[in-house]
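Summary of structural features
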Amino acid sequence: VYFRKQPPNHPDIIKSQSLLGAILSELGRFGEAEGMLLQSCEDARAKPTPAHREHGRKSADRLVQLYETLGKTDQAAFYRAHPSPCEAAEAALPP
């Protein structure tokens, strides 16, 4: 109920998306984890407050771990190389 009352890019929702992405990754549900973590990054980028940036950075760190696990080294390197990876333009992402 709490989350339904918050706007889509509220910091608590972004944090929850990131944590859920981490849990899904641990369960081996990598596709779902990636989607959740990318959504968290997108939502964090939409409203760049300090809380949003913090949760975005954590999501990016989790994406690095996920992509390393999956052997997607280009994507892992992309998120590792940017100081605020979730704020990077989607067009810059490797295929």
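Residues numbered from 1 in each chain as written. Predicted model: local features only at pLDDT ≥ 70, side-chain atom pairs only at ≥ 80, totals over all residues. Heavy atoms only, no water.

**Some thoughts on the packing of aromatic side chains**
For any pair of aromatic rings, the description consists of the separation of the ring centres together with the inter-plane angle of the planes. Counted according to the given criterion, the structure contains two aromatic pairs. On the basis of an interplanar angle of 90° and a centroid distance of 5.0 Å, the ring pair of F78 and Y79 is categorised as edge-to-face. Exposure class is identical for F78 and Y79. Each is buried. Three or more aromatic residues joined by ring pairs form one cluster here, namely Y67, F78 and Y79. (Phe/Tyr/Trp six-rings, centres within 6.5 Å; stacked < 30°, edge-to-face > 60°. Buried < 20%, exposed > 50% of the residue type's maximum accessible area, 1.4 Å probe, protein only.)

**Some details on the pattern of salt bridges**
Inspection of the entire model under this criterion finds three salt bridges. Between E68 and R80 there is a salt bridge whose closest N-O contact spans 2.0 Å. Taken together, the residues span a long stretch of sequence, with E68 in helix α3 (residues 50-70) and R80 in helix α4 (residues 73-81) at a distance of twelve residues. (Salt bridge = Lys/Arg side-chain N within 4 Å of Asp/Glu carboxyl O. Helix = DSSP H or I, 4+ residues; strand = E, 2+ residues; numbered from the N terminus.)

**Structural notes on the environment of A51**
In this structure, A51 sits in helix α3. Classification of A51 as partly exposed rests on a relative accessible area of 28%. Separated by 41 residues in sequence, A51 and H10 have C-alpha atoms that sit 9.3 Å apart.

**Looking at the nonpolar core**
Nonpolar side chains tend to gather and get buried jointly when the protein is soluble and globular. In this structure, L24, A33, L37, C41, A60, L63, V64, L66, Y67, A76, F78 and Y79 together form the largest nonpolar core, which totals twelve residues. Those elements that place two or more of their residues in this core are α2 (30-46), α3 and α4. In terms of residue count, the dominant contributor to this core is α3 (five residues). Leave out the neighbours within four places in its chain, and V64 touches A76, Y79 and R80. (Core = buried A, V, L, I, M, F, W, Y, C linked by side-chain atoms within 4.5 Å. Contact = heavy atoms within 4.5 Å.)

**What about helix α1 (residues 11-26)?**
Owing to its 3.6 residues per turn, the α-helix aligns residues three or four sequence positions apart on the same side. Its 16 residues give α1 an end-to-end C-alpha distance of 23 Å, which sits within 8% of 22 Å, the value for a rise of 1.5 Å per residue. Looking only at α1, the buried set comprises P11, I13, I14, Q17, S18, G21, L24 and S25. Buried-residue contacts for α1 involve α2 and α3. Count one or two residues on from α1 and you reach G28, which has phi positive near 85°. (Expected span 1.5 Å × (residues − 1).)

**Digging into the environment of E34**
Structurally, E34 is set in helix α2. Taking C-alpha positions, E34 is 9.1 Å from R62, a pair spaced 28 residues apart along the chain. Non-local contacts of E34, meaning those with residues more than four positions away in its chain, are made with L63, L66, Y67 and K72.

**Looking at α4**
All of the buried residues along α4 are Q75, A76, F78 and Y79. Down the axis of α4, the buried set is contained in an arc of 160°. They therefore lie on one face. Exposed residues lying more than 90 degrees from the buried face of α4 are T73, D74 and A81. Where the residues of α4 are buried, they touch α2 and α3. (Arc of directions from axis to C-beta.)

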